[in-house]
4 protein chains.
Amino acid sequence: MRDSTRKICVVVTARPSYSRIKSALKAIKEHPGLELQLVIAGSALLDRYGNAVDFIEKDGFSIAAKVFMVLEGENPTTMAKTTGIGVLELTNVFYNLKPDAVVTIADRFETIATSIAAAYQNIPLVHVQGGEVTGSIDEKVRHANTKLADIHLVSSEDARERVVKLGENPEKVINTGCPSIDLAREIAGEKELLFDPFEKYGGVGAKFDWKKGYIVVMQHPVTTEYKDAKKHILETLHAIKKLDYPTFWFWPNVDAGSDGTSNGIRSFRELENPQNMHFFKNMEPLDFLRLLKNSKALVGNSSAGLRECSYLGTPVINIGIRQNRRLRWQNVKDVPSDCQKIIEETKKAIENGYFDKSDIYGNGNAGNKIANILAETELSFSKTITY
Amino acid sequence: MRDSTRKICVVVTARPSYSRIKSALKAIKEHPGLELQLVIAGSALLDRYGNAVDFIEKDGFSIAAKVFMVLEGENPTTMAKTTGIGVLELTNVFYNLKPDAVVTIADRFETIATSIAAAYQNIPLVHVQGGEVTGSIDEKVRHANTKLADIHLVSSEDARERVVKLGENPEKVINTGCPSIDLAREIAGEKELLFDPFEKYGGVGAKFDWKKGYIVVMQHPVTTEYKDAKKHILETLHAIKKLDYPTFWFWPNVDAGSDGTSNGIRSFRELENPQNMHFFKNMEPLDFLRLLKNSKALVGNSSAGLRECSYLGTPVINIGIRQNRRLRWQNVKDVPSDCQKIIEETKKAIENGYFDKSDIYGNGNAGNKIANILAETELSFSKTITY
Amino acid sequence: MRDSTRKICVVVTARPSYSRIKSALKAIKEHPGLELQLVIAGSALLDRYGNAVDFIEKDGFSIAAKVFMVLEGENPTTMAKTTGIGVLELTNVFYNLKPDAVVTIADRFETIATSIAAAYQNIPLVHVQGGEVTGSIDEKVRHANTKLADIHLVSSEDARERVVKLGENPEKVINTGCPSIDLAREIAGEKELLFDPFEKYGGVGAKFDWKKGYIVVMQHPVTTEYKDAKKHILETLHAIKKLDYPTFWFWPNVDAGSDGTSNGIRSFRELENPQNMHFFKNMEPLDFLRLLKNSKALVGNSSAGLRECSYLGTPVINIGIRQNRRLRWQNVKDVPSDCQKIIEETKKAIENGYFDKSDIYGNGNAGNKIANILAETELSFSKTITY
Amino acid sequence: MRDSTRKICVVVTARPSYSRIKSALKAIKEHPGLELQLVIAGSALLDRYGNAVDFIEKDGFSIAAKVFMVLEGENPTTMAKTTGIGVLELTNVFYNLKPDAVVTIADRFETIATSIAAAYQNIPLVHVQGGEVTGSIDEKVRHANTKLADIHLVSSEDARERVVKLGENPEKVINTGCPSIDLAREIAGEKELLFDPFEKYGGVGAKFDWKKGYIVVMQHPVTTEYKDAKKHILETLHAIKKLDYPTFWFWPNVDAGSDGTSNGIRSFRELENPQNMHFFKNMEPLDFLRLLKNSKALVGNSSAGLRECSYLGTPVINIGIRQNRRLRWQNVKDVPSDCQKIIEETKKAIENGYFDKSDIYGNGNAGNKIANILAETELSFSKTITY
């Protein structure tokens, strides 16, 4: 029997990671055997990318430490240096917080900083959402995180099998489903959009009547092709303008190339003054899912298209190589970064309507499963490859 | 046809890594299609661990950049921070040197800094000596390096198969043999020790007649058990004292626990004043191999015991879990960290004499193979797992 | 007699610092006894603030090293961390470049990184533009730079006296005048603006006929009041809108609060769509001076108002405390951050016209003086306060 | 009236700084209007230099955060980088602790990290022990700290006048005396040494009868002459050996050159096996003062010779330029780093005996004065030079 609660330190380094882990944070916080140490770092702290701190505190979480670590430049060099600063600072944070386990999330470039800071300090490391397959630097980072982690809480059977193939002890690899599906499940029963996006979130750009139908665009730069970020976003911008359908558009994450993407959007707006697009920086996670659920389609390369939309049944036009071979449901249509193709497939998607929902990424109970495992599993920081 | 030479940046972060890569450095330097950019960093710059710069320059290499990055403390926290500093600084070095490929060596904790600095900047990353199996943090670091690297130049068939199982493209995984065997081959024909270690390397401690037989001890702390470092080294110290056989002893690498190891040695010397031990900080790589070749046995947990000694045929008493499941030849006898067991097995080894040599780690031509591959192979920085 | 040229490393960390040192860079480059090692770092590398590298290379300088070091957030915490990263990285750069002296410029927060990296490494440190008086964190940084520096090349008699009072050896404190005046002198004879700002620099916002008269606005946040940055810029924006006079407006430097300033400008543009304002990120130094020379007034809190405009005779409406007690000529009218006051004084300035030019900041030969001193003066790195 | 206690963050970066501030820490901790946030960083955390944490916790203080930041190498390059890491990390610590004021101590190279981390974040900065005069990099650092600080609590009238001359507001410059004298006062009445140094502190080297008289040696490297560190320490070692008088010797601080100093001591011991010297790494502050009070002389270049010994009346042989022009009492005899001179003057000192005590560095009540000022003074973070 343990005589004390386990301290679980979760590091959130970006706005989207918060949505992806929120239900687990809640379950950890409420579990009698666990104490949550929430660290907010990286772009999650920056107004420019939609400061997540307000949302997080409004959701009732208290923050154990904040770490500014994003170096300006949005290029591969600053991504690497940001990671170095993250290692340095997160090490110090863990050293002073003394957690019993650290949770690192998914595959953003800076998540390896969390992994190193924990693994090197002999703190058991839990990796959430490993084992998936994509392109870009994420692919390298995700599997490196797997090799640094001691416990793997994956989101799908496909991912579970892949992590085991990577030489991890099968007992330490558990398919909990994806916590982001937990949020999707919360709002899956709502029949219509009950808030007005313009009113609640401001944003910039044209206003339009979204009640008769709208689409959502979310497109990030691909880090291994970051110099093409502006070209890629312009293909999509021109496509959506020609489509002339009401569109809510989200600014990109901080990544190599996000300056190119933002720049592309900014200059397009200045030159073309598009009347069917409205731009948001950020939205509360549940509202974002409500927006997706009620949209005619999601266009871009966000992993939400493969993940949450599989559960919501929303059609997805997935552009380019960013999601590569990540597990997908029949709601996803892959297209290259090509204006004409994007137009065609988005049109079809709007016409064909919703898909049956799938539970390939879980059935909406991942948060509780994760908390229970963190409370019960044996924690160790030493492992050897299985072959 | 390429119209220019390829710039190959090799990062050496520790004294033993230099020996391990030296023949490849020479081959790269001499290859008409390659330009060597040699970066010396970490403990390789520190007098305390035997500054490698003098050896390196004496060997005819010029150094493109030096990077101090080792944080004092020799504990897991400073290991992690050292790595963070390494990421930050090496990123800047690569950014300014603009290499066509970066080479990261083996599995020391700070080698992941090289890997991240290259991979995140979209510079093709070559990992040398991946695919092996050990215990300790090295195990995590080595396989994480594999997942960050684009090309894998491994030292044995065993390692090649393992890297392929890790989901790497088999065409990018090549068994070159280990460059450290190239050095062993250079001196393998020498019949006796032609230099006097006392004269050439000074050191501290007792002096004795080594010509009638001696052993070598090299024992590093195990990072996942770093708090036991002093206890472990004392078992060995007492064993060797009781054995009362002439012994050349090497100070440990900089690692979590090396303070404990050094401390143990220092206090043992102060209290026990052992008359059969002489201590060295450092030795030129070839001389170290000569010393090994002519010794009755190597005691400790150095990877040289498994690697170079397999080629030299020197008996090895391998203590504890540090080398865990690393590929070994019949010259290696594993023992726990236990004074009595160490005495027994070392005695037997001295009596039984040399073993047949093996080429499990290559036949001594790894450096040239590596240089040729670096000159000819397609360099890319994007990959996806094979399953 | 010296047998070799002296290597002079100049670190430029921001776009405006480049203009301020350019004539000295040229003189150093051309001096037979000197070799220029130009390091470009910080916001001078960032597109967002107008990447200075293109200008610099176009001006014929080659860059010895580039250092990304600006942490995102534009708040006091990220300013401090940026400085820490700067110390770490610039130390490494100097260590590898081995300069005979390092030049640090003026008083931006990150210039102390240059000072520490040089002073701690026993490299003689030359501080340009010390001894002035302002408000804000600049005030602390400037005098701290003075106390770390060995040689002081100041821009005015007033500054020279102050540095001597600070306990520096009078022989090491020399009034060279300000190199920025050298540039002003180059274009002082031109009678009219010979380029079209819209055509040559693009920018965003309204277009207007500037040939009949225009003003220039350049207002930075005050770091000790950074939370008021948005409020302050809005006072000026409203004033200039009401004034309804053609206006070229420059985005702020990267500093604590610059997010607030940029934000204020962006939301003002979105809401008010001002028809008399055009916005630029950056301009080549000489063109910027041409723009100032031909403008009816400079409004804001840029030091160019006190410095270059004293030589050009352009009227200046200097807002708030940022320039505090810095030496000024009669062309400068100080006003608080108050919409009405700004309108009134700007109107008067437009009506009253140009002032006689002054040489309080030098007569336009600073660059050559600086180069000659760097070539001839004794270089040392040890000093003691004079009282 | 304030409605809450003020949080005072004190950063201790080295063992000797702790002794120097201890009485103030105690007074802050006990003051009803103050809350102490104690940060331990740098070499104060390292076993190699005598980990201060045990002493500090034994003294009843709890530690708010620990920061490893010392880069190995003990050379000017690693000193500078250590400072950069310190800025980065301490900024984060202050950001999360949110103190009302930060206290930086004296003039060690890394103290400027504390100053920058506080000043740049607009946290009122209190500098203790400014205004003194020495040689070496300390001289630059101390006065730079003064220019970054808002409140100056100095140790002597001489220092107070100098800080005012440096352009600081006289109301913000207060002579509290030196807190190290508070400790000296605590033990000043004790007639003899009541503990056995060998028994209580172990150490290494010869044992002797100290009851009939002994001297103490403490000699640090001079950072601006760090390459001569070994030469300098050897002069002293040979002098003390020839003197053949019982000697307690302390290892040096971590500084550029301390490797040279330690090395010199180590090789001297190995070669010469001196029978009149015993070596300690560390001693509890009060015991160290007891040792000084009862010694016949202090030899070396420690500031304790000028400071605490002026109050205790112990004769001091002050070697070389490290203390340069620091305020001294008649008990101090300055000598160059010369074996013969050191022997002569130490002999004379032993013969001549104790001096009258002085209160040039205060009368032993500095801690309380400091706490009261921190509780009552107006705290601001903006200032302008007075001339």
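Residues numbered from 1 in each chain as written. Chains lettered and ligands numbered in written order. Predicted model: local features only at pLDDT ≥ 70, side-chain atom pairs only at ≥ 80, totals over all residues.

As annotated in an unreviewed UniProt entry, chain A carries the name UDP-N-acetylglucosamine 2-epimerase and is attributed to Autumnicola tepida.

S.K.: Any chance you could explain the overall build of chain A here in plain terms?
M.R.: Looking only at helices and strands, chain A has 14 helices and 14 strands in total. Taking 387 residues into account, the globule formula puts the C-alpha radius of gyration at 21 Å, and chain A, at 20 Å, falls close to it. By its C-alpha atoms, chain A is 60 × 45 × 40 Å across when sized along the principal axes. The proportion of buried residues among the 387 residues of chain A is 65%. Taking contacts inside chain A between residues at least 6 apart in sequence as the whole, the part at least 24 apart equals 74%. (Helix = DSSP H or I, 4+ residues; strand = E, 2+ residues; numbered from the N terminus. Rg over C-alpha atoms; globule rule 2.2 N^0.38 Å. Buried ≥ 20, exposed ≤ 12 C-beta atoms within 10 Å, placed from the backbone. Contact = placed C-beta atoms within 7 Å.)

S.K.: Honestly, the sheet that holds strand 2 (residues 34–41) of chain C in this entry has me stumped. Any pointers?
M.R.: Residue and element names in this part refer to chain C. With parallel pairing, the seven strands of this open sheet are ordered in space as 3-2-1-4-5-6-7. Whereas interior strands pair on both sides, the edge strands pair on one side only; in this sheet they are strand 3 (63–67) and strand 7 (173–175). Pairwise comparison of adjacent strand axes, ignoring direction, gives a mean angle of 20 degrees for this sheet. Both strand 4 (residues 101–105) and strand 5 (residues 125–128) contribute to a ladder of four bridges, which runs parallel. (Pairing = 2+ DSSP bridges. Axes fitted to C-alpha atoms, helices over the stretch in contact; angles between N-to-C directions.)

S.K.: Could you clarify how one ought to interpret the interface of chain A and chain B in this entry?
M.R.: Interface extent is often summarised as the accessible area lost during association of the parts. Facing 41 residues of chain A, the contacting portion of chain B comprises 41 residues. Looking at the side of chain A that touches chain B, the elements that each hand over two or more residues are helix 3 (76–97), helix 4 (111–119), helix 5 (136–148) and helix 6 (157–165) of chain A. By residue number, the principal contributor to the side of chain A that touches chain B is helix 3 of chain A, which donates twelve residues. Within the side of chain A that touches chain B, the residues separate by chemical class into 21 nonpolar, 13 polar and seven charged. (Nonpolar A, V, L, I, M, F, W, Y, C, P; charged D, E, K, R; others polar.)

S.K.: Can you walk me through the environment of G305 of chain C in this structure?
M.R.: Residues and elements named next belong to chain C. Take G305: it is sitting in the loop between strand 12 (298–300) and helix 12 (308–312). For the pair G305 and I317, spaced twelve residues apart in sequence, the C-alpha separation works out to 8.1 Å. Ignoring any residue separated from it by four or fewer positions in sequence, one finds G305 in contact with L298, V316, N318 and V332.

S.K.: Honestly, the sheet that holds strand 11 (residues 277–280) of chain A in this entry has me stumped. Any pointers?
M.R.: The strands making up a sheet are joined through hydrogen bonds of the backbone, oriented either antiparallel or parallel. All names here are of chain A. The mixed open sheet is built from seven strands, whose spatial order is 8-11-10-9-12-13-14. The strands lining the two open edges of the sheet, one partner per strand, are strand 8 (204–205) and strand 14 (332–335). For strand 12 (residues 298–300) and strand 13 (residues 316–319), the ladder comprises three bridges, and the chain directions are parallel. In the sheet register, L298 faces strand 13, and the bridge partner there is V316.

S.K.: Can you walk me through the relation of the copies chain A and chain B in this structure?
M.R.: For the pair of chain copies, the relating operation is a rotation around an axis with a shift along it. Superposing chain A onto chain B takes a rotation of 180 degrees plus a shift of 0.0 Å along the axis, which leaves an RMSD of 0.0 Å. The two molecules are tied by a two-fold rotation axis, judged by turn and shift. Comparing interface residues between copies, 100% of those in chain A also lie at the interface in chain B; the contact surface is shared. (Least-squares fit on C-alpha atoms with pLDDT ≥ 70 in both.)

S.K.: I keep staring at helix 7 (residues 179–187) of chain C and nothing clicks. Help me out?
M.R.: For an α-helix, 3.6 residues make a turn, and residues three or four places apart therefore share a direction. All names here are of chain C. Of all nine residues making up helix 7, seven are buried, and the element is well covered by its neighbours. The set of residues buried in helix 7 consists of P179, S180, I181, D182, L183, A184 and R185. In the core, the buried residues of helix 7 are packed alongside helix 1 (15–30), helix 11 (285–294), helix 12 and helix 14 (366–376).

S.K.: Honestly, unusual backbone geometry in this entry has me stumped. Any pointers?
M.R.: Excluding glycine, a negative phi dihedral is what most residues carry, and trans is how most peptide bonds are arranged. Residues and elements named next belong to chain D. Phi at A106 takes a positive value of approximately 60 degrees, unusual for a residue other than glycine. Along the polypeptide, A106 turns up in the loop between strand 4 (101–105) and helix 4 (111–119). Its 23 C-beta neighbours within 10 Å are what place A106 among the buried residues. With a phi angle near 60 degrees, N122 is a residue other than glycine that sits in the positive phi range.

S.K.: Honestly, the interface of chain B and chain C in this entry has me stumped. Any pointers?
M.R.: Each partner contributes residues to the interface: chain B has eight residues there, and chain C has eight residues. Within the residue set of the side of chain B that touches chain C, elements represented by two or more residues are strand 3 (63–67) and helix 3 (76–97) of chain B. In terms of residues, the side of chain B that touches chain C owes the most to one element, helix 3 of chain B, which gives five residues. Tallied by class, the residues present in the side of chain B that touches chain C amount to four nonpolar, two polar and two charged.

S.K.: What is the right way to read the domain arrangement of chain A from this model?
M.R.: All names here are of chain A. Annotation of chain A at the domain level lists domain 1 (6–185 + 362–376) and domain 2 (189–352). Between domain 1 and domain 2, the C-alpha centre-to-centre distance is 25 Å. For the side of domain 1 that touches domain 2, the leading source of residues is helix 1 (residues 15–30), giving five residues. Looking at the side of domain 1 that touches domain 2, its residues break down into 14 nonpolar, nine polar and five charged. (Domains from an automatic or database assignment.)

S.K.: Is there a simple way to think about the relation of the copies chain B and chain C in this case?
M.R.: Least-squares fitting of chain B to chain C yields an RMSD of 0.0 Å, with the transformation described by 0.0 Å of translation along the axis and a rotation of 180 degrees. The residues that chain B uses at the interface reappear at the interface of chain C in 100% of cases, marking a shared surface.

S.K.: Just checking my understanding: could you explain the packing of helix 7 (residues 179–187) of chain D against helix 11 (residues 285–294) of chain D for this structure?
M.R.: Think of two packed helices as two axes; the pair is described by the angle between the axes and how far apart they sit. All names here are of chain D. Remark: helix 7 packs on helix 11, axes separated minimally by 9 Å, with the N-to-C direction vectors making an angle of 65 degrees. By the angle class used here, helix 7 and helix 11 are roughly perpendicular. Our pair here, helix 7 against helix 11, has a crossing hand that is right-handed. Residues L183, A184, E186 and I187 of helix 7 form the contact with helix 11, whose own contacting residues are P285, L286, L289, R290 and K293. Residue composition of the contact of helix 7 with helix 11, grouped by class: six nonpolar, no polar and three charged. (Parallel < 35°, antiparallel > 145°, perpendicular 65-115°, else oblique. Left-handed = near helix turned anticlockwise from the far one by under 90°.)

S.K.: How should the environment of K26 of chain D be read in this particular structure?
M.R.: By the element assignment, K26 of chain D lies in helix 1 (residues 15–30). Spatially, the C-alpha atoms of K26 of chain D and D59 of chain D are 9.0 Å apart, while their sequence positions differ by 33 residues.

S.K.: What's the story with the confidence of the model for chain A in this structure? I'm lost.
M.R.: Regions with low pLDDT should not have their predicted coordinates read in detail. For chain A, the average pLDDT comes to 93, and 98% of its residues sit at 70 or higher. What the predictor reports for the complex is a pTM of 0.92 with an ipTM of 0.92. (pLDDT = per-residue confidence, 0-100.)

S.K.: Help me out: how do you make sense of the pairing of strand 11 of chain A in this one?
M.R.: Residues in a regular strand point their side chains to alternate faces of the sheet. Residue and element names in this part refer to chain A. By the bridge criterion, two bridges tie strand 8 to strand 11 in an arrangement that is antiparallel. The residue bridging G205 from the neighbouring strand is H278, located in strand 11. Across four bridges, the pairing between strand 10 (residues 247–250) and strand 11 is parallel. Among the inter-strand pairings, F250 is bridged to a residue of strand 11, identified as F280.

S.K.: Looking at this model, I keep getting lost on the environment of F280 of chain C. Mind explaining?
M.R.: All names here are of chain C. Within the secondary structure, F280 sits in strand 11 (residues 277–280). According to the C-beta neighbour criterion, F280 is buried, with 22 such atoms within 10 Å. Between the C-alpha atoms of F280 and P197, which are 83 residues apart in sequence, the distance is 9.2 Å. Not counting the four nearest positions on each side in its chain, F280 is found in contact with Y201, G203, F248 and F250.

S.K.: What's the story with the pairing of strand 9 (residues 215–218) of chain D in this structure? I'm lost.
M.R.: Residue and element names in this part refer to chain D. Residues I215 and V217 of strand 9 are buried on one face, and the alternating residues V216 and M218, pointing to the opposite face, are buried as well. Direction of pairing for strand 9 relative to strand 10 (residues 247–250): parallel, over a ladder of four bridges. Paired with M218 across the strands is F250, a residue of strand 10. After leaving strand 9, the chain enters helix 9 (residues 229–243) and then returns to the sheet as strand 10, a path that is right-handed. As judged from the three bridges shared by strand 9 and strand 12 (residues 298–300), these two strands associate in the parallel manner. Of the residues in strand 12, the one forming a bridge with M218 is G300. (Right-handed = clockwise from strand over helix to strand, strands pointing away.)

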